[in-house]
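# Structural overview
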Amino acid sequence: MRIAIAGGGLGGLTLARILHQHGIGAVVYEREASRSARSQGGSLDLHPESGQQALAAAGLAGRFRSEARPEGEEHRILDPAGRTLVHHTPQPGSFAGRPEIDRSALRDLLLDSLPRDAVAWQHRLVAATPRPAGGFGLTFDGGRSADCDVLIGADGARSVVRSLLTDAKLSYVATLVELSIGDADRRHPDLADLVGPGNLWCVGVNQILAAQRLGDGSIRVGISLRAEDRHMDTYRSKRALLDMFDGWNPSLTALIEAGDNPSPRRIEAMPTGTRWAHQPGITLIGDAAHLMPPVGEGANQAMLDAAELAAELAANPAGPDAAIRTYEEAMFVRTHPIAEMSARIQAMMLSPTAADDIVRFFTPRPAEPAPAG
Ligand SMILES: Cc1cc2nc3c(=O)[nH]c(=O)nc-3n(C[C@H](O)[C@H](O)[C@H](O)COP(=O)(O)OP(=O)(O)OC[C@H]3O[C@@H](n4cnc5c(N)ncnc54)[C@H](O)[C@@H]3O)c2cc1C
């Protein structure tokens, strides 16, 4: 059985690793030229019931612990005046919660666990054509081609494989502008102090200024704004960004002043509850299957998809279609409520009452009074 995985992100690599653990070979076709071709972005918190569980299935829990930063779970929420609304500090050294790990460290950890030839770099899939006798012919940018019996689309938000299964359209839900502050402790100690070891969210009306500490000592700044009909280039100007935060405490907007290279992008999502009719020899995992707003679940679910699909394929090596069918049914049921919750949180974060709503969200409710009598 020749298994092709389109996309070597967190989902695709986790899948390849767990299949490899079970003695099942798979080729990951990745469009990037090498592991260092592109910056991998900020850090992620991996949840015990999803991302961490997948790493345990991959036999990588120990490596994860040595790379992860439990102290990165610390987070503060401020209002635009700089007043603290919520301050959460995790138990020192505890891995019981949702420890942070830099995306690049996590991807390296997965890549290092695979045989060297498991990833075919510089293979951007442009088309997959079903073969009459089963399987798919794959065509890559530049004219190269390959065949496979089973095709798994792990090719992210703008998946090429998805179009073979569903015509679900993406909707534009928010704009995110990211900036980076390198060597923060030395160059901007005040900002390093403000952000702390984890995450900071400054919540205004319809907009958020966030900052996150990475393991390399840099700070990643993220500006979230509502979806608007402006040209993305508008957001490349720091002056324009600072104008959007006019009236905010200057100690907060200093994060924008100090940030380099504002990079805007549209945040998109698939309709919640997207599913497709099973087709032989093909399926999707991760963002290709269920792109949701980035509120902390996408990578965790992508990795759990990978672990669940790998377990089904390993349990049923002679019947990949039954394995895919079982995986798909369970994945649709698991991810639907998570996608709905993510959409609700995304809308809440960019609403006029976001600060109150978020504080309520993070404040444990008092216990119900015991019934009288
Ligand atoms: C700003 C931001 C913050 C986020 N924070 C979190 C968080 O804290 N926690 C969390 O759980 N999730 C988070 N997410 C979501 C998370 O990043 C994604 O859900 C996750 O990366 C999905 O993994 P994936 O493997 O499905 O796709 P990806 O990680 O996008 O990987 C897809 C891979 O496929 C490759 N590829 C794409 N097209 C092709 C092609 N045609 N041919 C070959 N290769 C291709 C890409 O180069 C990439 O390597 C965040 C997302 C964003 C945007």
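The present account deals with the structure reproduced in this document. All of these numbers come straight from a predicted model, not from anything done at the bench.

The next point concerns the site of the ligand. Close contacts around the ligand come from 31 residues, with Gly11, Glu30, Arg31, Arg103 and Asp287 the closest. A distance of 2.7 Å separates an oxygen atom of the ligand from a polar side-chain atom of Asp287. A distance of 3.1 Å is found between an oxygen atom of the ligand and a side-chain nitrogen or oxygen belonging to Asn300. Relative to its unbound accessible area of 1000 Å², the ligand is 85% covered by the protein chains. Counting residues per element, the ones that place at least two in the shell around the ligand are helix H1 (10–21), strand E3 (43–45), helix H4 (103–112) and helix H10 (298–315). In terms of residues, the shell around the ligand owes the most to one element, H10, which gives 4 residues. Residues that form the shell around the ligand fall into these classes: 10 nonpolar, 10 polar and 11 charged.

Before going further, it helps to examine the sheet that holds strand E10 (residues 145–148). Within a beta sheet, neighbouring strands are joined by backbone hydrogen bonds and run either parallel or antiparallel to one another. The strand order across the open sheet built from 3 strands is E8-E9-E10, with neighbouring strands paired in antiparallel fashion. Edge positions in the open sheet fall to strand E8 (125–130) and E10, since each of these has one partner strand only. Neighbour to neighbour, the strand axes of the sheet diverge by 20° on average, direction disregarded. Bridge analysis of strand E9 (residues 136–140) against E10 gives 4 bridges, and the strand direction is antiparallel. Considered in E10, the bridge of Gly137 is made with Asp147.

With that settled, consider the pairing of strand E5 (residues 84–88). With 4 bridges connecting them, strand E4 (residues 75–78) and E5 associate as antiparallel partners. Looking at E5, one finds that His75 is bridged to His88.

Attention now moves to the sheet that holds strand E14 (residues 207–213). Pairing in this open sheet of 7 strands is mixed, and the strands run E5-E4-E13-E14-E15-E12-E16 from one edge to the other. Looking along the sheet, the strands with just one partner apiece sit at the ends: E5 and strand E16 (260–269). When strand polarity is set aside, the average angle formed by the axes of neighbouring strands in this sheet is 15°. Where E14 lies against strand E15 (residues 219–226), 7 bridges are found, and the strand directions are antiparallel. Looking at E15, one finds that Ala210 is bridged to Gly222. Of the strands in this sheet, E4, E5 and strand E13 (199–203) are in contact with helix H12 (residues 354–362), which crosses E5 at around 30°.

Here the focus is the pattern of salt bridges. Here the structure, examined in full by the defined rule, presents 24 salt bridges. Among the salt bridges present, the one from Arg275 reaches Glu329, with a minimum N-O distance of 3.0 Å. Of the two residues, Arg275 sits in the loop between E16 and strand E17 (282–284) while Glu329 sits in helix H11 (residues 320–349), which places them 54 residues apart along the sequence. Residue classification places Glu329 among the partly exposed residues on the basis of a relative accessible area of 43%. Note that Arg334 and Asp305 form a salt bridge whose closest N and O atoms lie 2.8 Å from each other. Residue Arg334 is located in helix H11, and its partner Asp305 is located in helix H10; the two are separated by 29 residues in the primary sequence.

Cut-offs used in this document
- Residues numbered from 1 in each chain as written.
- Predicted model: local features only at pLDDT ≥ 70, side-chain atom pairs only at ≥ 80, totals over all residues.
- Heavy atoms only, no water.
- Near = heavy atom within 4 Å.
- Polar contact = N/O pair within 3.5 Å; in protein donor to acceptor, adjacent residues only side chain to side chain.
- Areas by Shrake-Rupley, 256 points an atom, 1.4 Å probe, with all protein chains shown as cover.
- Helix = DSSP H or I, 4+ residues; strand = E, 2+ residues; numbered from the N terminus.
- Nonpolar A, V, L, I, M, F, W, Y, C, P; charged D, E, K, R; others polar.
- Pairing = 2+ DSSP bridges.
- Axes fitted to C-alpha atoms, helices over the stretch in contact; angles between N-to-C directions.
- Contact = heavy atoms within 4.5 Å.
- Salt bridge = Lys/Arg side-chain N within 4 Å of Asp/Glu carboxyl O.
- Buried < 20%, exposed > 50% of the residue type's maximum accessible area, 1.4 Å probe, protein only.

Function cannot be read off these values alone, since they describe shape.
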